[in-house]
Every structure is written in structure tokens, then in C-alpha cells.
2 protein chains.
Amino acid sequence: MAQLRDLKDELDIVIPTIRNLDFLEMWRPFFQPYHLIIVQDGDPSNTIGVPEGFDYELYNRNDVNRILGPKASCISFKDSACRCFGFLVSKKKYIFTIDDDCFVAKEPSGKEINALEQHIRNLLTPSTPLFFNTLYDPFANGSDFVRGYPFSLREGLPTAISHGLWLNIPDYDAPTQLVKPRERNTRYVNAVMTIPKGTLFPMCGMNLAFDRELIGPAMYFGLMGDGQPIGRYDDMWAGWCAKVICDHLLLGVKTGLPYIWHSKASNPFVNLKKEYKGIYWQEDIIPFFQSIALREECTSVQDCYIELANKVKERLGLIDPYFEKLGDAMVTWIEAWNELNPPPPAQTATLAHPNVAMKN
Amino acid sequence: MAQLRDLKDELDIVIPTIRNLDFLEMWRPFFQPYHLIIVQDGDPSNTIGVPEGFDYELYNRNDVNRILGPKASCISFKDSACRCFGFLVSKKKYIFTIDDDCFVAKEPSGKEINALEQHIRNLLTPSTPLFFNTLYDPFANGSDFVRGYPFSLREGLPTAISHGLWLNIPDYDAPTQLVKPRERNTRYVNAVMTIPKGTLFPMCGMNLAFDRELIGPAMYFGLMGDGQPIGRYDDMWAGWCAKVICDHLLLGVKTGLPYIWHSKASNPFVNLKKEYKGIYWQEDIIPFFQSIALREECTSVQDCYIELANKVKERLGLIDPYFEKLGDAMVTWIEAWNELNPPPPAQTATLAHPNVAMKN
């Protein structure tokens, strides 16, 4: 297997949380060389404990409001959707985001899985969304393209997203949690695959990495939680939008390895309350995303995303006024993105980092 | 895991061969309850030895000619493409076809894999081609649909094809064989997945099962081998045609488990000679299949296949006259299929089996 860069200076780890980050202890051997961006959800007066020795910046709601001003309205409150604020303020090329109830998983051999290393491998090797390879990732060690795979497609496409999976507690919706309270995921599937072009997937934000330069502006987690009619569709929303845009811009999305160990099922009754509108809305949302064709003139993620926002307002607005608000928030998000991430001026110095609460 | 039927009286095992079938000894515990259809390729005066105790019928080229008359021209000679003759004469609902250099593989635990049982499981449980499930087959034991999977799609679609994989010698084309002569597939991926609608895949005929009633007439392996300009694209051809038709008729195609142990790499120099036209033709053939839209009026596999044959002649005929011949052979194949597999007359006795060489 070719040696890949470790991206130590090119990747931020984004963690949304409401509690002390003791879970980082278990990740110390893997995460300590990286910079963390912690997005504190809920009451800003709470103190979030971070284990010694980690390099981090932490933002609470007051910071979000101060940095974004009126545009802060696009960042959800009391919902893990707030994590996308971390994507916005990062200055790195790559993001890895993980939930604070996720721990280091083990391979069947007992070896601890370095999830971040596998995500980096996924992001730094090409994707193959234009044709299916039956032996999975052709860029994995000991693997290749099978007979019948067109040679013209073997260079692959740049990888924008790496979607990792979960052992132990699977990512089920509330109805499935209620019906199968004891189901645990024990199946370790030793594969990474590209999700084909034209196919949507349910993107989970629990264990996710992406190339911020390639797809960052599409990684908006929507309006969820406090004051909104739904929750637990933040990552799904980002996944649908991002996949449609990746397909349009010929970028790849991978899923499979790495696994993390998801320790605790959330409360299915609370989840049902958050999800129930999403569960019936998605029956219309998914055909909407499946039928979208972005104009050829949309050549940047921002162009695509604004076009998508307009379509959301126009077509999903018919389902519920919520989607008009969401469409507006999508536009606000892009404005905020462009403000904090201006295109690098040719031959001049790097722009100053926004005035934020730096700790450690 | 729900107990599934063993399909003992509903499935034929089709084996194309030019040699004694000693490989069946290893499969005895798994195959002996089933009926075998052996298609003898090459010189009909050779005798193919079949181990004692198997229930089989064997067809050589003389039988093919006698049964099909002038339509025998659509059955390839000196190429494993001749296997599709077995699909034609079977009277069963399901087919499993396997090459005679494939042996019983083992799980990482050391347990022998009952490939046929897994294919049956794949065929008897639904497919999910309309949306991607990140935890793989939602009908597998201990698995389900993940959060964000639309509930309206959870019934799935009927499964038409189950494509199994290979440990040890991977199914590589001649150039890859030449470049990586020592590469072996040692990666056991414990998953079955549905290939999404709209996505083509390289279907290998080495370890393959399908529902003859749902997709049989599309499982034509084309004109290959003796007197033809290409070989080793027989299963690919069937796979492209069958996938396009499955997508049109809303049928599912699965790939992944079960593995067989592929014992011997074929000669890459011989393979290169057979493949080289296919390698450049497929650069046009695949966009052709990717762009095909079958008319809504095509509601049977036969309708779809005839329409496809016409498009092949019209559009691929521009690449090489071979494709006009192939298009004609596709039509002949359907004529032969309809002759040997007439629709069951309502309320009358089952039609007599064609007069064939029955042994054992």
C-alpha cells in the first residue's frame, strides 16, 4: 500500500458537543497531532472540559453570533447540525467530523482502527462513480479493476467525501429503534466503495470526512433543532445536497471503512418526535433530489448550491413553508461561506483569521 | 435469519466444460441434491467424465445442433459462452452457473462456504436498487435499513440476479494479469449489496445465479470464440444487457457474497488475443448501454431484448459489422427461447421436454 501523507497541517477535526470531551482520551494516539474545532451547542455559559494536550479552538453560541452577526440565523441551535459552523471557520483543506459518543472500534483481529488514517486514504485516492467495480475499491491494497471495467475510466475522479460506518449501535431511525431495540451491528465489512453517480445515499454525520476545497460549501447541515419543525435530518440534508452536487461536478463519494464504535443509542421516543415530519417529508424530498438537473453553467459548488436553494424554495416550498425558510438559510450559508472563505487573492498574503476565541 | 427454501426441485446448476468434472467431488455435499446441466464445449466425440452419484443431463455440440437446428448458430462454440444453451433448455425457475475451475472457498473462520445456499438467499430476498443502504443488505441477519432510508422503498424489488465473487485468482483482464501476475484476492468482504438502478457493472459468469422466469431471456452470452472476432466478453455482454433490462423492469441485481475459490489463472497471452477488440470496443459499448432508454411498451424481457437487439444493430453496427451479426443472433436467441419455453397454456398439461440426451 502506498504511503500517504498524514495531513497533520491540512485537516481539522470538528466536534459538536454539549458535554466534557472525555471521549478524546481514547482517541489521543490518533487525534493528538491534529487541530480540533469544538462547536459547543446549548447554553454558552456551560464549560466544556477538554483533556490536556489537545490543540483546539472552541466556539459557543455567543461566538457564532459574534462572528456571523445576522447570518448566524443559518446555524442551528440545540442540534448537532451546529457542527457545520466548524466547517465554515476552518481554514484547512480537509475536515473530519465525529460525534462525542463514538469510540475507537476494533478489526475482527482485535487491532484498533485508526479511523482518521482510513478517511485520509479514502480522500487521497480517487473514486469510481461512473462504473461499478465488483471487487470494491480498486485503489485498495491487493485490489484492482476487474475484467470488463473500461480503461478510460480507471483514472477515477477526485474524492470529495468519505463516509465511515459504525459498529455496535447502528444508525437507525426512531421507528426501527423502537422495533429492534436490541439490534447491534457486529458485521465488519472490509470494504470501501464509491457510491455510483446518480444514486443518493443516507449520509450520517457521526463519522465523516470531506475535502473542504472540493465540496465544503455544500456541507450545510440545515435548520434543525431549536425553533424548527424537525431534527435528525441535518446530515441527511447535507448528504442529499452534496451528492447531487458531486454528481454534477464529477466528484466522488465513498462509503464503508473506517468503522467507529458507537456507544450509546439515543432515546427513540425523543427521536421520533424530532423525526416524524422528516419521515413523511422525505418521501417527497428524495424524488425531488433524484430528479434534479443542475444547469451546466453551475461550475462551482457555490453556484450549484444557490441553484439548489432556489429549487428547494420553489418545489419543496409547496410541501411546507419550512422549506422556504430552509432555502433562504441555504443562501445565507453561502454568503457566510464566501465571507469567511474569500477566494485567495493572487500573489498576496493569506487573509487574517476571523477574530475568534482561541484556546490552548 | 429466516429459513429459506432449498429450491432442490426449482434450480438447475449449469456447467460449461471441456474436461472431466472432477471438481464436482469437492462440491458433492452442496450440489448432489440438485440437477446438473452440463454443456460440453469443443469436440463432441470427447467423453466428459462426471463423478458417480450426480443427477445430470449433458449436451455436446451435436445435441445443440439437433435441438436448435438452424437456430444453433446463436450458440457460441469453443467459448464458455456456450453455457447459455443450458439456460435455454432448463425447465427450472432458477439457475446457478459455475466454472469447472472453481472450488469451495472458506470464510476467514475456516468454515466452508455453501455458495449455492447464499445465492438462493440472495435471490429469495428483495433487492434495493432505488436507494443506497450504507449498511449493505438490509435483509441480511442483524441488519436493516438505516436512518434516512425512505420507508416507501423498504419493501424492495424482486431480485433477478445474484453475482458471486472469487477468492484467490481475481477476474482480471489480460493487461492486468500481465502487469500483476502474482496478485491474489485475499480480501473477504462480508457483504451483499444491490447494484443501484442506472449503474452498469462487469458481470462475471464464473459464479452466478439468476431467476430464469424474471430475467432468463436476457442471459444470452453472445457470439464469442470460434469464428468470432472476440472472446471473454460473453458474460460482460449478458451483464450489460441484463442490467439495462432489470433497470427498465424494476428488478434487482445483487453482488458480493458468496465467494468461490478460483483455482487457476487463464493464460494472459491467449486472453489478450481474445480480448483486445473488446477492450477498445467497450469504450463505445458502455456509453451505448448507459444511454439506452427502452420504450415503455416493452413490458416483457423478450420485448426489451428485441428492442435492444435492434439498437445494437443500428448503433453499434457503426463500430464493426460484428455487431450486426450479434444483433441478429440476439433475435435468433429469443426465437429459440420462445420455442423451447412457450408460455404455459392455461389449464393444460405441461409441455413435453425437448428430445435431448439424458444420462444417469
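Here, every reference points to the structure presented above.
Residue numbers run consecutively from 1 along every chain, following the written order of its sequence. To read the labels, note that chains go from A and ligands from 1, taken in the order they are written. With the structure being a predicted model, the display of local features is reserved for residues of pLDDT at least 70 and the display and counting of side-chain atom pairs for 80 or more, all residues being used for whole-chain, interface and lining totals. Remark: hydrogens and water are excluded; side-chain values derive from all non-hydrogen atoms of the structure.

Observations regarding unusual backbone geometry
Piece 1. Omega for the bond connecting A:Leu257 with A:Pro258 falls within 30 degrees of zero, at 5°, which places this linkage in the cis form.
Piece 2. Relative to the helices and strands, A:Pro258 is located in strand β9 (residues 252–262).
Piece 3. Not every positive phi belongs to a glycine, and B:Asn168 is a case in point at roughly 75°.
Piece 4. Helix and strand labels come from DSSP, where a helix needs a run of H or I of at least four residues and a strand needs a run of E of at least two; each type is numbered from the N terminus. Position of B:Asn168 among the secondary structure elements: in strand β6 (residues 159–168).

A word on the pairing of strand β6 (residues 159–168) of chain A
Residues and elements named next belong to chain A.
Piece 1. The cut-offs for exposure are 20% and 50% of the maximum accessible area for each residue type, with area from a 1.4 Å probe on protein chains only; residues under the lower value are buried, those over the upper are exposed, and the others partly exposed. Within β6, 10 of the 10 residues are buried, leaving the element largely enclosed by the surrounding structure.
Piece 2. Any two strands are treated as partners once DSSP identifies two or more bridges connecting them. Looking at chain direction, β6 and β9 are connected through 9 bridges and run parallel. What sits directly across from Thr159, in β9, is Gly252.
Piece 3. In this sheet, strand β8 (residues 207–211) lies alongside β6 in antiparallel orientation, the contact comprising 3 bridges. Bridging from a neighbouring strand, Ile161 pairs with Phe210 of β8.

Focus: the pairing of strand β4 (residues 94–98) of chain B
Residue and element names in this part refer to chain B.
Piece 1. When you tally the buried positions in β4, you get 5 out of 5 residues, the bulk of the element.
Piece 2. Every second residue of β4 is oriented toward a common face, with Tyr94, Phe96 and Ile98 on one face and Ile95 and Thr97 on the other, all of them buried.
Piece 3. By the bridge criterion, 4 bridges tie strand β1 (residues 11–17) to β4 in an arrangement that is parallel. In the strand pairing of β4, Leu11 is matched with Tyr94.

Some points on the relation of the copies chain A and chain B
Piece 1. Copies are brought into register by a least-squares superposition over C-alpha atoms of residues with pLDDT of at least 70 in both. Relative to chain B, chain A is turned by 180° and slid 0.0 Å along the rotation axis, the superposed coordinates differing by an RMSD of 0.0 Å. In the structure described here, the two chain copies are related by an operation that fits a two-fold rotation axis. Across chain A, the smallest distance between a C-alpha and the rotation axis is recorded for A:Val189, namely 2.7 Å.
Piece 2. A symmetric contact is evident, with 100% of the interface residues of chain A recurring at the interface of chain B. Contacts are residue-level and defined by heavy atoms, with any inter-residue pair within 4.5 Å sufficient.

Here we look at a nonpolar patch on the surface
Residues and elements named next belong to chain A.
Piece 1. Taken together, the side chains of Leu178, Val179, Phe269, Leu272, Tyr276 and Tyr280 present a nonpolar region at the surface, about 630 Å² in accessible area.
Piece 2. Of all the elements in the fold, those that place two or more residues in the nonpolar patch are α5 (174–179) and α8 (268–291).
Piece 3. As for its placement among the helices and strands, Tyr276 is situated in helix α8.
Piece 4. For Tyr276, a relative accessible area of 42% puts it in the partly exposed group. Patch membership is restricted to residues that have no salt bridge and whose relative accessible area is over 30%. Joining uses 9 Å for like charges and 5 Å for the nonpolar side chains Val, Leu, Ile, Met, Phe, Trp and Tyr. Each accessible area is a Shrake-Rupley result for a 1.4 Å probe, and residues are judged covered by the shown protein chains and nothing else. Any carboxyl oxygen of Asp or Glu that lies within 4 Å of a side-chain nitrogen of Lys or Arg is treated as forming a salt bridge with it.

Comments concerning the packing of aromatic side chains
Piece 1. In this scheme Phe, Tyr and Trp rings, the latter by its six-membered ring, pair at centre separations within 6.5 Å, and the angle between planes marks the pair as stacked below 30 degrees, edge-to-face above 60, and tilted otherwise. Scanning the entire structure with this criterion turns up 46 aromatic pairs over all chains.
Piece 2. A centroid spacing of 5.1 Å and a plane angle of 35° characterise the contact between A:Tyr188 and A:Tyr259, whose relative ring orientation is tilted. Taken as a pair, A:Tyr188 in the loop between α5 and β7 (192–194) and A:Tyr259 in strand β9 lie far apart in primary sequence, 71 residues in all.
Piece 3. The exposure class of A:Tyr188 is buried, given its relative accessible area of 16%.
Piece 4. Seen in terms of ring centroids, B:Tyr233 and B:Trp240 are 6.3 Å apart; in terms of plane orientation they differ by 40°. Their pairing is tilted. Here the two residues B:Tyr233 and B:Trp240 agree in accessibility, since each one is buried.
Piece 5. Members of the aromatic cluster, joined through ring pairs, are A:Tyr233, A:Trp237, A:Trp240, A:Tyr280, A:Trp281, A:Phe288, A:Phe289, A:Tyr322 and A:Phe323.
Piece 6. Residue placement shows A:Arg154 over the ring face of A:Phe151; its charged tip is 3.7 Å from the ring centre. Whether a charge lies above a ring is judged from NZ of Lys or CZ of Arg, which has to be within 6 Å of the ring centre and within 35 degrees of the ring normal.

Section: the pattern of salt bridges
Piece 1. As enumerated under the stated definition, the model contains 41 salt bridges over all chains in all.
Piece 2. Among the ionic pairs, A:Lys71 bridges to A:Glu339, the shortest N-O distance being 2.7 Å. Placement of the pair is A:Lys71 in the loop between α2 (61–68) and α3 (84–89) and A:Glu339 in helix α10 (residues 322–340), with a sequence separation of 268 residues.
Piece 3. Classification of A:Glu339 as partly exposed rests on a relative accessible area of 47%.
Piece 4. Residue B:Glu213 pairs with B:Lys93 through a salt bridge whose shortest N-O separation is 3.4 Å. Placement of B:Glu213 in helix α6 (residues 212–215) and of B:Lys93 in the loop between α3 (84–89) and β4 is noted, with a sequence separation of 120 residues between them.
Piece 5. With relative accessibility at 24%, the residue B:Lys93 sits in the partly exposed group.

Digging into helix α9 (residues 301–315) of chain B
All names here are of chain B.
Piece 1. Here a helix's expected span is defined as the number of its residues, less one, multiplied by 1.5 Å. The terminal C-alpha atoms of α9, which comprises 15 residues, lie 21 Å apart, in line with the 21 Å expected from a rise of 1.5 Å per residue.
Piece 2. Within the sequence span of α9, burial applies to Val301, Cys304, Tyr305, Glu307, Leu308, Ala309 and Val312.
Piece 3. Of the surrounding elements, those touching the buried residues of α9 are α6, α7 (234–249), α8 (268–291) and α10 (322–340).

Structural notes on the interface of chain A and chain B
Piece 1. Contacts between the two partners involve 61 residues from chain A and, on the opposite side, 61 residues from chain B.
Piece 2. For the chain A and chain B pair, buried surface summed over both sides reaches about 5,000 Å², with 57% attributable to carbon and sulfur atoms.
Piece 3. Where chain A touches chain B, the interface holds 8 salt bridges.
Piece 4. Looking at the side of chain A that touches chain B, the elements with two or more residues in it are β6, α5, α7 (234–249), β9 and α8 of chain A.
Piece 5. Ranked by the residues each element gives to the side of chain A that touches chain B, the list is headed by α8(A), at 6 residues.
Piece 6. Residues that form the side of chain A that touches chain B fall into these classes: 32 nonpolar, 15 polar and 14 charged. Reported buried area values correspond to the accessible surface (1.4 Å probe) lost by two parts on association, with both partners' losses combined. Here the nonpolar group is Ala, Val, Leu, Ile, Met, Phe, Trp, Tyr, Cys and Pro; Asp, Glu, Lys and Arg are the charged ones; every other residue, Gly included, is treated as polar.

Side note on the environment of A:Asp99
Residue and element names in this part refer to chain A.
Piece 1. Note that Asp99 resides in the loop between β4 (94–98) and β5 (102–104).
Piece 2. With relative accessibility at 17%, the residue Asp99 sits in the buried group.
Piece 3. Considered as a pair, Asp99 and Thr176 are 77 residues apart in the sequence and their alpha carbons are 21 Å apart.
Piece 4. Not counting chain neighbours up to four residues away, the residues in contact with Asp99 comprise Pro16, Phe23, Arg83, Gly205 and Met206.
Piece 5. The definition of a polar contact used here is a pair of N or O atoms within 3.5 Å, where within protein one atom must be able to donate a hydrogen and the other to accept one, and adjacent residues in sequence count solely through side-chain atom pairs. A distance of 2.7 Å separates the side chain of Asp99 from the side chain of Arg83, its partner in a polar contact.

What about the side chain of B:Arg212?
Residue and element names in this part refer to chain B.
Piece 1. Mapped onto the secondary structure, Arg212 falls in helix α6.
Piece 2. Under the counting rule used here, the positive set is Lys and Arg, the negative set is Asp and Glu, and His together with the chain ends is not counted. Buried and without a salt bridge, Arg212 has Glu213 as its closest oppositely charged side chain, separated by 6.6 Å.
Piece 3. Here the side chain of Arg212 touches Phe87 through a polar contact of 2.7 Å, landing on its backbone oxygen.
Piece 4. A distance of 3.5 Å separates a polar atom in the side chain of Arg212 from the backbone oxygen of Leu88.
Piece 5. Once residues lying within four places of it in the same chain are set aside, the contact partners of Arg212 are Phe87, Leu88, Ser90, Lys91, Lys92, Lys93, Tyr94, Ile95, Pro217, Trp337 and Asn341.

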